[in-house]
Amino acid sequence: MIIKKNEVEYSKWWNQLIQDGNLVDIRYNIKGFFVWMPYGFSVMKKIKQIWDDLFKEQQISEMYFPLLVPEEYAMKNSSWWSSFKEQAFYALGYFDTEKKLFLRPTGEPAMYPMFSTWIRSYRDLPFRIYETVSAFRNETKSTKVFVRDVELGPWYEIHTCHATREEAEKEIELAIKMNEKIFEDLAIYPLKVRKPKVDCFPGSAGAVEFYTLMNDKVVENGSCNNLGQAYAKAFDIQFIDSDQQKKLVWQTCTGNGERFLSSIISNHGDEKGLIIPPNIAPIKVSILGIKIAQGNPEIEQLIKNLGVERDRIQTAYAEDVTSIGEIRYKTERMGVPLRIEIGPKELASKSCTLCWRDGTKEKSTFEVVAEHIKTGFNKMQNKLYIETKKELENRLHKCDTIEEAKKAMIAEIGWCGKEECANWIKHDTGKDIIGMVLVKKEKKCIRCGETGETTYVSESY
Ligand SMILES: [Zn+2]
């Protein structure tokens, strides 16, 4: 984890890492947009594969809704519309000039009018779907690749409808578990909080938010929203229950996307470049043959015996010092977890050198190399995960005074829940209230001294 002393320096490091690491090209001439390069897109696709598998396992069906949303749909829920109106991109040129259309900033207004036509009876519930798309938000604040873009994507949204409040709450529990699983594969230990009501998704009853670290701040990295019945009411999503009564559904929604990738960069990246955890690395092993003829049969055999999927192994051959250096440099920048180097002498003795991305090196024979690298990948995955856990613990400080809270990167304080105190805390610390501890824990309000809850305060993206 790199901590730079100011935002400008951090942005420079960030942009260099994502460009030299072949993730994206940021030279596309519209602010807030970029081009995904093949390697970057393959990393993102590995992350997407994790969520696709997870959702499939839980029988959440994948769908696709139109990019354009009629304004009349959006206006059905005024609290949603009032918070996204400013960020809407209107589409021009549609043949029906009476209709006002805009690009989706989130899925609700496109989906929920349709839900209301599909859901009729308790037999149609639970209704659980997701889509992976791009969403568009006109950002007025400064943009940052993968963190705050105008086109956000690939981005997934799960939307569910249930007959009872309890079922919806269970769905939130599941959404939290699925998010945790994704973060395990990213080798990142996130901070989970309950969001204060005022900061929840417009109109929702509550939310659990995941935060990850970035420089000296935290980033919102996936929220699981309990929508209650507010949207069902606004969009008229009702069903006839088994008791023949007409009832409103209970809803949840969950979403995240390229911010997962942003957390890999900020949490694992170092001065040399990216570090992609083995579980999601599209290239897990890069084999470098030094002064060996390309397509050497013994190396081909070694590749077969590595125990790694063929499409996640890359091979390169080099004759001179310059090209050897270039290949080493490139694999480091791209964050390939392991480089295996083999020279003529090593080939003769059927051995090789394992160069791990964290700088450690070890010798191995061809015979046991598969065992070696399997252990090595597990070790690396765990090490990265534990490091992010330690980093989070190092930054979290229990604070009893405003002065202490001001100094801490993430301050654990007490807050009574009153808006007046929240405003004072924000003013005095220069930080935001990012949420309360997941399992409610009493702590006296740092401002007024009344009974409150354990709450986290930090600067956030
Ligand atoms: Zn208070």
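See the structure printed just above.
Computed from a predicted model, the values in this text were never measured in an experiment.

Draft legend 1. Just the nonpolar core, in detail. In this structure, Trp14, Leu23, Ile47, Trp51, Phe55, Phe146 and Leu186 are the most contacted members of the largest nonpolar core, which totals 51 residues. Looking at this core, the elements with two or more residues in it are α1 (7-20), α2 (38-57), β8 (151-162), α6 (165-185), β10 (206-214), β11 (217-228) and α8 (258-268). Take this core: its biggest share by element is 8 residues, from α2. With residues near it in sequence (within four places) discarded, Trp14 still touches Lys144, Val145, Phe146, Val147, Met214, Ser262, Ile265 and Ser266. One finds Ala74, Met111, Ile119 and Cys161 within the second-largest nonpolar core, a separate group that totals 27 residues.

Draft legend 2. Inspection of the pattern of salt bridges at higher detail. Inspection of the entire model under this criterion finds 27 salt bridges. Linking Lys195 and Glu220 is a salt bridge whose minimum nitrogen-to-oxygen distance equals 2.8 Å. With Lys195 in the loop between β9 (191-194) and β10 and Glu220 in strand β11, this pair connects stretches of sequence that are 25 residues apart. Look at Lys195 and you get buried, because its relative accessible area is 11%. On the basis of relative accessibility, which here comes to 30%, the residue Glu220 falls in the partly exposed class. Linking Asp270 and Arg357 is a salt bridge whose minimum nitrogen-to-oxygen distance equals 2.8 Å.

Draft legend 3. Quick look at the environment of Trp36. Locating Trp36 in the fold gives a position in strand β2 (residues 35-36). Residues Trp36 and Ile182 lie 146 residues apart in sequence; the distance between their C-alpha atoms is 21 Å. Once you skip the residues sitting within four places of it in the chain, Trp36 turns out to touch Leu23, Val24, Phe41, Met44, Phe146, Gly153, Pro154, Glu258 and Leu261.

Draft legend 4. Expanded view of the coordination of the zinc ion. Coordination sphere of the zinc ion, protein contribution only: Cys416 (SG), Cys421 (SG), Cys445 (SG) and Cys448 (SG), at 2.3 to 2.4 Å. Around the zinc ion, the 4 donor atoms sit at angles spanning 105 to 114°, and that spread fits a shape best called tetrahedral. Along the chain, the residues donating to the zinc ion fall in the pattern C-x4-C-x23-C-x2-C.

Draft legend 5. Structural detail: α8. Of all 11 residues making up α8, 11 are buried, and the element is well covered by its neighbours. Within the span of α8, buried status applies to Glu258, Arg259, Phe260, Leu261, Ser262, Ser263, Ile264, Ile265, Ser266, Asn267 and His268.

Draft legend 6. Molecular detail of unusual backbone geometry. Look at the link from Leu125 to Pro126: it is a cis peptide, with omega at -5°. Here Pro126 shows up in the loop between α5 (108-118) and β7 (127-136). In this chain, Gly153 is followed by Pro154 through a cis amide linkage whose omega measures -5°. Despite not being glycine, Asn22 has its phi angle at roughly 60°, a positive value. Counting through the fold element by element, Asn22 comes out in the loop between α1 and β1 (24-25). In this structure Asn22 comes out as partly exposed when scored by relative accessible area, which is 29%. Despite not being glycine, Ala187 has its phi angle at roughly 60°, a positive value. Among the secondary structure elements, Ala187 is positioned in the loop between α6 and β9.

Calculation rules
Residue numbers here run from 1 along each chain, matching the order of that chain's written sequence. Local features in this predicted model are restricted to residues whose pLDDT is 70 or higher, and side-chain atom pairs enter the listing and the counts only when it is 80 or higher, whereas totals over whole chains, interfaces and linings include all residues. Working from all heavy atoms in the structure, the side-chain values ignore hydrogens and water. For the purposes of this section, nonpolar cores are sets of buried Ala, Val, Leu, Ile, Met, Phe, Trp, Tyr and Cys residues that join through side-chain atoms within 4.5 Å. Exposure is judged per residue with a 1.4 Å probe applied to protein chains only, and the accessible area is read against the type maximum: over 50% gives exposed, under 20% gives buried, and values in between give partly exposed. By the criteria applied, helices consist of DSSP H or I runs no shorter than four residues and strands consist of E runs no shorter than two, each listed in order from the N terminus. We call two residues in contact whenever any of their non-hydrogen atoms come within 4.5 Å of each other. Here a salt bridge means any side-chain nitrogen of Lys or Arg lying within 4 Å of a carboxyl oxygen belonging to Asp or Glu. Water is not among the atoms examined, so metal sites may look incomplete; donors are the N, O and S atoms within 2.8 Å of the metal, or within 3.2 Å for Na, K and Ca. All geometry calls rest on donor angles, where a four-donor set with angles between 85 and 135 degrees is tetrahedral, four- and six-donor sets with opposite donors more than 155 degrees apart and all others between 65 and 115 are square planar and octahedral, and all else is irregular.

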